[in-house]
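Residues per chain are reported as follows:
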Amino acid sequence: MAGSETFVSKVELHLSCKGLRNKDTFSKSDPIVSVWVYDKLRKCWSEVGRTECVKNNLNPQFSKTIYLDYHFEEVQKIYFSVYDVDNENQTLQLENDDFLGALETTLGQVVGSGTYSKPLQGKKAKDAGTITIHAEEVTQSRQYLTIQFAGSHLDKKDLFGKSDPYLEFHRANKDGSYSLVHKTEFVKNTLNPVWKPFTISAGSLGRGEDSCVIKVICYDWDNDGSHDLIGEFTTTLGDLLSQKLMTWELINAQKVSKKKYKNSGTITISSIKVFQKYTFLDYIFGGCQINFTVAVDFTGSNGNPKSPSSLHYINPYQPNQYTRALTAVGEVCQDYDTDKLFPALGFGAKIGGKVSHEFALNGNPSNPYCAGMQGVLAAYHQAIAAVELYGPTNVAPVINHVANFAKQAAQNPS
C-alpha cells in the first residue's frame, strides 16, 4: 500500500450517561456532553461537537449524534466532558457551568468495542457516574423521511390534568442494543396529541436497512425529569419507507397482566413523505451546468492601490489579496465550467468621472467574457490601473446581471 493511502471512515457516536452527580439544589442536573479531539498538528484539543442539554436528568440519553472521521492507522485521542448547564445559551463556554466528569480515551478503543462504557473522572468525587458511547460506521443513505405522528386515547398520567406526551425513537444496533436517534417535542395536557413533522435520514433512523427495528416509546413529560412511561411499540425502517399511514398500539408491559388491559392508546402516521437528497456529484453527473462569474469590489474602503496596506496593492513580487482570492476560488470552479469563458465584472469604481456598479473588467461591456483564470487576472490588473476606487458598496446590479444570465440559460438550454 502506498504511504499516501489511508483508511478513513465516517463514524457516528451515540452518547448516554448514568449516575451523574446532582449539582442543582431544587432539581436535578441538566447535563450536556462536549466532545473534543486532539489535533496532532496544532498540538491542542479541538471541540468537534456537543449533545443537546437534557433537563433534570442524572441518567440522560442524548439524541444528538456526534460524527467523526475515523482513521484506522492513527491513534486519535478523544475527550468527553460532561457539564451541568446553568445558562440558557448553550453556545457559551461550558467552563462557566458545573463540571460533572470527563473521560479521555481513543477513538480506536470506542470503535473496537462497539459499545464502550467507562467511569467518568470527577475533580474530587470518586463516583462521578459512567458514560456510554455506542459507535457505528455511518450509513451513506440519500433517502430522507418527513413524518408526522399523532396519538389517540393515550393513558392519563397527570393527577390534575391529562398527559404531556412526547415520543422517543430508538434504533436497533447491530449488537442488539438501542440508540436514541430522535425525540419529539412534548404536547401539553392532551390525550390526543399531534406532534410537529420532523425530517430524518434513513441512515440515521434505521441504518439504511429495511429490516432495522425501530422502537418508539411514548412518555408523559414531567418538569422534574421523572417522565412516566405511557407505552411503546416497534416497527421497521421498511414499514416507514412504504409510506403507508399505519397505526400501532402502545403497550405498557407493566399493565399487560391486568384483566381488562387492551392498550395505552394508539399512534398513527398522519403524514409521511420519502424523498432523496442529492449530492453535488449527482447534479454534475446529471448534466447540471455551472457557469463561473467574477465580481470585484472596487470601492474606496479597500484602500489606495498605491499603498502597500491596500487589498488592491499591485506588488511586482507577490500577488495581492484579490489576486489570491480570485485564483483560489477560480481554480476550483473552472473545472466545472465547460467553455472556460468567465464573465468578469466590477462595481463601486468611478470610470470617466461617473460611478459604476456594473462594468466589465476587460473594458468591453458587450462581451465581458475572459478566457480562463489567466484572462480574468489580466482583466483585473487592467481594470485596477484604469479606474478610481470610489463607492458606495452596491452589489445588487452585478447579482441581477448574473441572474439574467441564469434566466437566459434556463430559457435556452442549448
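First, a word on what this report is: a plain description of the structure on this page. Here the structure is a predicted model, which is why all the values come from computation and not from measurement. (Residues numbered from 1 in each chain as written. Predicted model: local features only at pLDDT ≥ 70, side-chain atom pairs only at ≥ 80, totals over all residues. Heavy atoms only, no water.)

### Section: the overall build of the protein chain
- Secondary structure summary: the protein chain contains 7 helices and 23 strands in total.
- Buried positions account for 42% of the 414 residues belonging to the protein chain.
- In the protein chain, once contacts between residues fewer than 6 apart in sequence are set aside, the share between residues at least 24 apart is 64%.
- When the accessible area of the protein chain is evaluated, it comes to approximately 22,800 Å², of which 52% is carbon and sulfur surface.
- Computing the positive centroid from 41 side-chain charges and the negative centroid from 43, the protein chain places the two 3 Å apart. (Helix = DSSP H or I, 4+ residues; strand = E, 2+ residues; numbered from the N terminus. Buried < 20%, exposed > 50% of the residue type's maximum accessible area, 1.4 Å probe, protein only. Contact = heavy atoms within 4.5 Å. Areas by Shrake-Rupley, 256 points an atom, 1.4 Å probe, with all protein chains shown as cover. Lys, Arg positive; Asp, Glu negative; His and termini not counted. Charge placed at Lys NZ, Arg CZ, Asp CG, Glu CD.)

### Some remarks on the pattern of salt bridges
- Applying the stated criterion across every chain, the model contains 8 salt bridges.
- With a shortest N-O distance of 2.7 Å, Asp282 and Arg142 are connected by a salt bridge. Of the two residues, Asp282 sits in helix 4 (residues 280–285) while Arg142 sits in the loop between strand 8 (130–137) and strand 9 (143–152), which places them 140 residues apart along the sequence.
- On the basis of relative accessible area, Asp282 is assigned to the partly exposed category, the value being 21%.
- For Lys255, the salt bridge identified is with Asp155, shortest N-O distance 2.9 Å. With Lys255 in the loop between strand 15 (247–249) and strand 16 (266–276) and Asp155 in the loop between strand 9 and strand 10 (165–172), the pair connects residues that are 100 residues apart, well separated along the chain.
- According to the relative accessible area criterion, Asp155 is buried, its value standing at 15%.
- Among the charged side chains, a network of salt bridges with common partners joins Glu12, Glu136 and Arg171. (Salt bridge = Lys/Arg side-chain N within 4 Å of Asp/Glu carboxyl O.)

### Description of the layout of surface pockets
- In this structure, the second largest pocket encloses a volume near 390 Å³.
- Forming the walls of the second largest pocket are 19 residues, and the residues nearest its centre are Cys17, Asn57, Asn59, Pro60 and Gln61.
- Every element with two or more residues in the lining of the second largest pocket is listed here: strand 1 (8–18) and strand 10.
- A total of 3 residues in the lining of the second largest pocket trace back to one element, the largest contributor, which is strand 1.
- Within the lining of the second largest pocket, the residues separate by chemical class into 6 nonpolar, 9 polar and 4 charged. (1 Å grid on protein atoms, 1.4 Å probe; cavity = no way out; pocket = protein on both sides within 12 Å on 5 of 7 lines; lining within 4 Å. Points joined across faces, edges and corners; volume = space filled by probe spheres on them. Nonpolar A, V, L, I, M, F, W, Y, C, P; charged D, E, K, R; others polar.)

### Some points on the sheet that holds strand 19 (residues 349–351)
- The strand order across the open sheet built from 3 strands is 20-19-23, with neighbouring strands paired in antiparallel fashion. Taken across any chain shown, the strands that pair with only one partner, and hence form the sheet edges, are strand 20 (354–356) and strand 23 (388–389).
- Pairing of strand 19 with strand 23 involves 2 bridges; the strand directions are antiparallel. Each bridged residue has a counterpart across the sheet, and for Lys350 the counterpart in strand 23 is Glu388. (Pairing = 2+ DSSP bridges.)

### Things to note about the packing of aromatic side chains
- Summed over all chains, the structure comprises 18 aromatic pairs.
- Judged by centre distance (6.0 Å) and plane angle (25°), the rings of Tyr144 and Phe275 are stacked. Within this pair, whereas Tyr144 is found in strand 9, its partner Phe275 is found in strand 16, the two being separated by 131 residues in sequence.
- Classification of Phe275 as partly exposed rests on a relative accessible area of 23%.
- Pairing Phe292 with Phe342 gives two aromatic rings, centres 5.3 Å apart and planes at 80°, and the pair type is edge-to-face. Here Phe292 is found in the loop between helix 4 and strand 17 (294–297), whereas its partner Phe342 is found in strand 18 (residues 341–347), with 50 residues between them in sequence. Summarising the burial analysis for this pair, Phe292 and Phe342 share the class buried.
- Lying across the ring of Tyr38, Lys77 places its NZ or CZ 5.6 Å from the centre.
- For Lys215, the ring lying beneath its charged end belongs to Tyr178, and the centroid distance is 4.3 Å. (Phe/Tyr/Trp six-rings, centres within 6.5 Å; stacked < 30°, edge-to-face > 60°. Lys NZ or Arg CZ within 6 Å of the ring centre and 35° of its normal.)

### Quick word on the nonpolar core
- Residues Leu145, Phe149, Phe169, Leu205 and Leu240 are the most contacted members of the largest nonpolar core, which totals 29 residues.
- At the level of secondary structure, the elements contributing two or more residues to this core comprise strand 9, strand 10, strand 12 (198–201), helix 2 (202–206), strand 13 (213–220), strand 14 (228–236), helix 3 (237–241) and strand 16.
- Residue contributions to this core peak at 5 residues, all from strand 13.
- Setting aside its immediate chain neighbours within four residues, Phe169 contacts Phe149, Ser179, Leu180, Val181, His182, Thr184, Phe198, Leu205, Ile214, Lys215 and Val216. (Core = buried A, V, L, I, M, F, W, Y, C linked by side-chain atoms within 4.5 Å.)

### Brief notes about the environment of Gln411
- By the secondary structure assignment, Gln411 is in helix 7 (residues 396–411).
- A residue is classified by how much of its surface remains accessible, and Gln411, at 61% relative accessible area, is exposed.

### Regarding the sheet that holds strand 6 (residues 98–106)
- Reading across from one edge, 3-2-5-6 is the order of the 4 strands in this open sheet, with antiparallel pairing throughout. Strands at the two margins of the open sheet, each flanked by one partner only, are strand 3 (44–50) and strand 6. Across the sheet, the mean angle from the axis of one strand to that of its neighbour is 25°, orientation sign disregarded.
- Pairing between strand 5 (residues 77–84) and strand 6: 8 bridges, direction antiparallel. Within strand 6, the residue paired with Tyr79 across the bridge is Glu104. (Axes fitted to C-alpha atoms, helices over the stretch in contact; angles between N-to-C directions.)

### Quick look at unusual backbone geometry
- A cis geometry characterises the amide bond from Gly391 onward to Pro392, with omega recorded as 0°.
- Along the chain, the position of Pro392 falls in the loop between strand 23 and helix 7.
- Of note, His153 is a non-glycine position whose phi angle comes to about 55°, a positive value.
- For His153, the location among the structural elements is in the loop between strand 9 and strand 10.
- A positive phi angle, close to 60°, is found at Lys340, a residue other than glycine.
- Inspection of the secondary structure assignment puts Lys340 in the loop between helix 5 (321–333) and strand 18.

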